[in-house]
Amino acid sequence: MKQYFLDTWSSIWTVLVGMKITFKHLFTPSVTIQYPEVKVELPERARHRLYVNMDDCIGCDQCARACPVSCITIDTVKSVAGEDLGKTSNGKKKVLWVTKFDIDFAKCCCCQLCVFPCPTECIKMTPVYEFSEYERENLIYSFSTLTPAEVAEKKKNFEKAEAEKAAAKAAAAAAPKPAPAAKPAPAVSKPKEENPNT
Amino acid sequence: MIFDTLSSFLGNEIIAGIIVACLPLFLVILPYAIAAVLAERKVSAYMQDRIGPNRTGFHGVLQPVADVVKLMLKEDIVASNVDKPLFNIAPLLVFTGSYAAFAAIPFTSIFIGTKLDLGLIYILAVSSFVVAGILMGGWSSNNKYSLIGAMRSAAQIISYEIPTFLVVVTIIIITGTTNLTVLSDYQTSYFWNWMILGGPSLGVVKFLLIPFMIVGFVIIYISTLAEVNRVPFDIPEAESELVAGFHTEYSGMKFAMFFLAEYANMFAVSALIATVFFGGYQSPFGYLGNLMGIKWLIPLEQLFWFSVKGLFFVFVQMWLRWTLPRLRVDQLMTVCWKYLIPFAFVNLLIVGLLVVL
């Protein structure tokens, strides 16, 4: 009988305690962050969309090879003699026209593995995370600074130079006989060079 | 009062009757429901440290409009295997049950649907009409969740009517009336004349009555909360177990009817408690209209105090909703049969003895 009254009292009392707690929360400022207007501050090294600074890119393709999901596609064309491509910010001479530098952000997993091998530090992660699209194709970002016409021109230039070189080579081959012993030497020396690397 | 004025003005009792019958719907239920839908969302948001709707209008005040438009534009789906006549009648019946209660609720001394001598009993009787509609809707939906919800609802409402009635009987013993207008006038002038503080009679009995009145108030509050299927007694709707309970299969305006009926019911029971224990439309500090000698101000003040009291209890219902978890079915029955009913009986006996003294 005593337990019965204790139970009754404790049930009413605990309800009142709970009501007190919820009443306090009625006046606590809300913790909602109103997203489009107010954004959460991201950590310092947040990894989101990639950015490529094409002024520094030398077209070495190392980022594309490092990518675990193969989302980076790079095409390059060799520059011909007499063309000056300028230097990167850390003093490397550019020798390749980067005709295509596409990153498919539908595939990109923001792992940052492409950032480490870059010799000129031109590819990096940015804290931009709002880039949703209606079409999947729109997620393929093209970073190359060359227009299609320029690309065609560079390709033509290169082919022309190649043709000239080939013609010169053919002309050279026709006149004197090249030394045959020179060829096998690099094939033997190659594994020796690779060993210390691995 | 309003009916008499209207019938003499229009010269036709039938038209006047229809207008008077529609008044609570347009003057009270719809504005209240619109405000309560917003209040429910805002109160729940603030209690959970959220912001709640804030896109429609200033701080989301137009959210109920958006809700109503959405409900009206929705397709009215009737599943192929439902019992169509019953399925269509059920929401109307539920709403009728909760609307009929408003006929006897005294909003002010002049604005009351009908001055029924059995007002108190009538409200309790007619609001149990809701059970029939809920059971009908659950049965005709041809859906296991609806049926389980409806059965639970019937069991719950019928069980919890007993403590409600027992407490009402204690009030009847003290006041000797079931007419809600008379009951309100009985508790007139100041707040120490309210039934929760022992009624207007002076003497030792008044002070002896106070603890038993408080017990009665707690019992009737809990049991009416269960009657309107609100949390923590929302097992008929138990959204985590039964989808949406008895109104699982309803959509569009039929669902809106259930929704409106639930909110109307919430206000009806709150108004009942306010009338029975907290002086109804009576002001706790006397009237400004009496003080300044302006006669027409008094009914407006009464309406204000009545709304404040009623809406306060609606707010407490929302407050409890975000405080307590849902009861299990057996716990629900335990609360009713093992705790509320014995306490209500003992309360009734003691109050009866005190009144005889």
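Cut-off values and rules
- Residues numbered from 1 in each chain as written.
- Chains lettered and ligands numbered in written order.
- Predicted model: local features only at pLDDT ≥ 70, side-chain atom pairs only at ≥ 80, totals over all residues.
- Helix = DSSP H or I, 4+ residues; strand = E, 2+ residues; numbered from the N terminus.
- Rg over C-alpha atoms; globule rule 2.2 N^0.38 Å.
- Buried ≥ 20, exposed ≤ 12 C-beta atoms within 10 Å, placed from the backbone.
- Contact = placed C-beta atoms within 7 Å.
- Axes fitted to C-alpha atoms, helices over the stretch in contact; angles between N-to-C directions.
- Parallel < 35°, antiparallel > 145°, perpendicular 65-115°, else oblique.
- Left-handed = near helix turned anticlockwise from the far one by under 90°.
- Pairing = 2+ DSSP bridges.
- Nonpolar A, V, L, I, M, F, W, Y, C, P; charged D, E, K, R; others polar.
- Core = buried A, V, L, I, M, F, W, Y, C linked by C-beta atoms within 7 Å.

Q: Mind showing me how you'd approach the overall build of chain B here?
A: Across its full length, chain B holds 13 helices and 0 strands. Over its C-alpha trace chain B gives a radius of gyration of 21 Å, about what one expects of a compact globule, namely 21 Å for 357 residues. With respect to the three principal axes, the spread of C-alpha positions in chain B is 65 × 55 × 45 Å. Expressed as a percentage of the 357 residues in chain B, the buried residues total 43%. Long-range pairs, those at least 24 residues apart, make up 75% of the contacts in chain B between residues at least 6 apart in sequence.

Q: Honestly, the overall build of chain A in this entry has me stumped. Any pointers?
A: Scanning chain A from terminus to terminus reveals 4 helices and 5 strands. The N-to-C order of helical and strand elements in chain A reads α-β-α-β-β-β-β-α-α. Counting across all 198 residues of chain A, residues that qualify as buried make up 10%. The long-range fraction of contacts in chain A, counting pairs at least 24 apart against all pairs at least 6 apart in sequence, stands at 77%.

Q: What exactly am I supposed to notice about unusual backbone geometry here?
A: For residues other than glycine, phi is negative in most cases, and the peptide bonds are mostly trans. The phi angle at glutamate 121 of chain A is positive, at roughly 55°, despite the residue not being glycine. One non-glycine residue, asparagine 229 of chain B, adopts positive backbone phi at about 60°. Mapped onto the elements, asparagine 229 of chain B comes out in the loop between helix 9 (204-227) and helix 10 (252-277).

Q: Would you explain the packing of helix 9 of chain B against helix 13 (residues 329-356) of chain B in this entry?
A: All names here are of chain B. In the contact formed by helix 9 and helix 13, the axes pass within 10 Å of each other and the chain directions differ by 155°. Between helix 9 and helix 13, the angle is such that the two are roughly antiparallel. As helix 9 packs across helix 13, the resulting crossing turns out to be left-handed. The segment helix 9 lies against helix 13, with Val205, Leu208, Leu209, Phe212, Val215, Gly216, Ile219, Ile222 and Ser223 engaging Leu340, Phe343, Ala344, Asn347, Ile350, Val351 and Leu354.

Q: What should I look at first to understand the sheet that holds strand 3 (residues 96-104) of chain A in this one?
A: Hydrogen bonds between backbone groups are what pair the strands of a sheet, and the pairing can be parallel or antiparallel. All names here are of chain A. Taken together, 3 strands build an open sheet; the order of strands is 2-3-5 and the sheet is antiparallel. Whereas interior strands pair on both sides, the edge strands pair on one side only; in this sheet they are strand 2 (72-78) and strand 5 (140-142). Adjacent strand axes in the sheet meet at a mean angle of 15° when their direction is disregarded. Relative to strand 5, strand 3 runs antiparallel, the two sharing 3 bridges. Within strand 5, the position partnered with isoleucine 103 by the bridge is tyrosine 141. Along the sheet face, helix 3 (residues 148-174) touches strand 2 and strand 3 and points at about 50° away from the line of strand 2.

Q: I'm lost on the interface of chain A and chain B in this one. Help?
A: Listed per partner, the contact involves 12 residues of chain A and 10 residues of chain B. Of the residues in the side of chain A that touches chain B, the class split is 5 nonpolar, 7 polar and no charged.

Q: Before we go on, may I ask you to explain the pairing of strand 3 of chain A in this structure?
A: Here is the key point about a regular strand: its side chains alternate between the two faces of the sheet. Bridge count for strand 2 of chain A against strand 3 of chain A is 7 bridges, and the pairing is antiparallel. Opposite threonine 76 of chain A, over in strand 3 of chain A, you have valine 98 of chain A as the bridge partner.

Q: Before we go on, may I ask you to explain the nonpolar core in this structure?
A: As a rule of thumb, nonpolar side chains are buried together in soluble globular proteins. Within the largest apolar cluster, 92 residues are counted, with the highest numbers of intra-cluster contacts made by Val94, Ala264, Ala268 and Ile273 of chain B. Examining the composition of this core, we find that 17 residues originate from one element, helix 10 of chain B, more than from any other. Not counting chain neighbours up to four residues away, the residues in contact with isoleucine 273 of chain B comprise Ile220, Tyr221, Thr224 and Phe313 of chain B. Counting residues in hydrophobic clusters, the runner-up holds 16 residues, among them Cys63, Trp97, Ile103 and Ile123 of chain A.

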